Amino acid sequence: MPDEEPMLPSEIREKVLSQHREIEAMLEELRLGASELLQGLETADRVKRAATALRGILELHMAFEERYMAPAIREADGFGPERIRHLQDEHEEQRADLDRLVDAIRDAAKPQDIAAAVHKLVDILKKDIDEEERDYVNEDLLRDTLVPSDTFGG
Ligand SMILES: [Fe+2]
Ligand SMILES: [Fe+2]
């Protein structure tokens, strides 16, 4: 693999934010699917498949954040190591929530049970995204001016 061009903090921030918007769109679709399932307008199978796909997307998203966002945050200020620990704890919790709730969605037989687990999952993930943007994915932490200009001077 050729050397990757290092991403600027602002580029990392933009990418994470655009992934968040895509994930939120998926969450809304999943929530809508669960409502339609209750009205007999959607099949349990399709809702279950959407939930499984969401788990895969979230896993890729968290891996991206751990690979690119975490190093940028670490260098942002003196609280880097604590923030990284917090980010990792949050991701561990999200992975546990995803495992538990996507399994619950997959194993549920009744539409009501599927819809209840979908709503719980959507609420948790939306809250996580909001908190993450408040704590990390913002211009205070991920901005290019934090790179000292003399870094390029030699
Ligand atoms: Fe995250
Ligand atoms: Fe995220």
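Residues numbered from 1 in each chain as written. Chains lettered and ligands numbered in written order. Predicted model: local features only at pLDDT ≥ 70, side-chain atom pairs only at ≥ 80, totals over all residues.

Draft legend 1. Inspection of the overall build of the chain at higher detail. Counting its secondary structure elements, the chain contains 4 helices and 0 strands. Moving toward the C terminus, one meets the helices and strands of the chain in the order α-α-α-α. C-alpha atoms of the chain, sized along the principal axes, occupy 65 × 30 × 25 Å. Buried positions account for 23% of the 154 residues belonging to the chain. For the chain, the proportion of contacts with a sequence separation of at least 24, taken over those separated by at least 6, is 74%. (Helix = DSSP H or I, 4+ residues; strand = E, 2+ residues; numbered from the N terminus. Buried ≥ 20, exposed ≤ 12 C-beta atoms within 10 Å, placed from the backbone. Contact = placed C-beta atoms within 7 Å.)

Draft legend 2. Examining the nonpolar core more closely. Core analysis: the biggest nonpolar cluster contains 20 residues, and Leu 30, Ala 34, Ala 51, Ile 105, Ile 114 and Val 118 have the highest contact counts within it. Elements that contribute at least two residues to this core include exactly helix H1 (9–38), helix H2 (44–74), helix H3 (80–107) and helix H4 (111–135). It is H4 that provides the largest number of residues to this core, a total of 8 residues. Not counting residues within four places of it along the chain, the set of residues in contact with Val 118 comprises Leu 30, Arg 31, Ala 34, Val 47, Ala 51 and Ile 105. Ranked by size, the runner-up nonpolar core spans 10 residues in total, among them Ile 12, Met 69, Leu 87 and Leu 142. (Core = buried A, V, L, I, M, F, W, Y, C linked by C-beta atoms within 7 Å.)

Draft legend 3. Broad picture of H4. Over its 25 residues, H4 runs 36 Å from end to end, which matches the ideal 36 Å to within 8%, given 1.5 Å per residue. Along H4, the residues that are buried comprise Ile 114, Ala 115, Ala 117, Val 118, Leu 121, Val 122, Leu 125 and Ile 129. Residues of H4 that are buried in the fold lie against H1, H2 and H3. (Expected span 1.5 Å × (residues − 1).)

Draft legend 4. Molecular detail of H3. If you check H3, its first and last C-alpha atoms are 40 Å apart, about what 28 residues at 1.5 Å a residue would give, namely 40 Å. Of the positions making up H3, those classed as buried are Leu 87, His 91, Leu 98, Leu 101, Val 102 and Ile 105. Buried residues along H3 sit in contact with H2 and H4.

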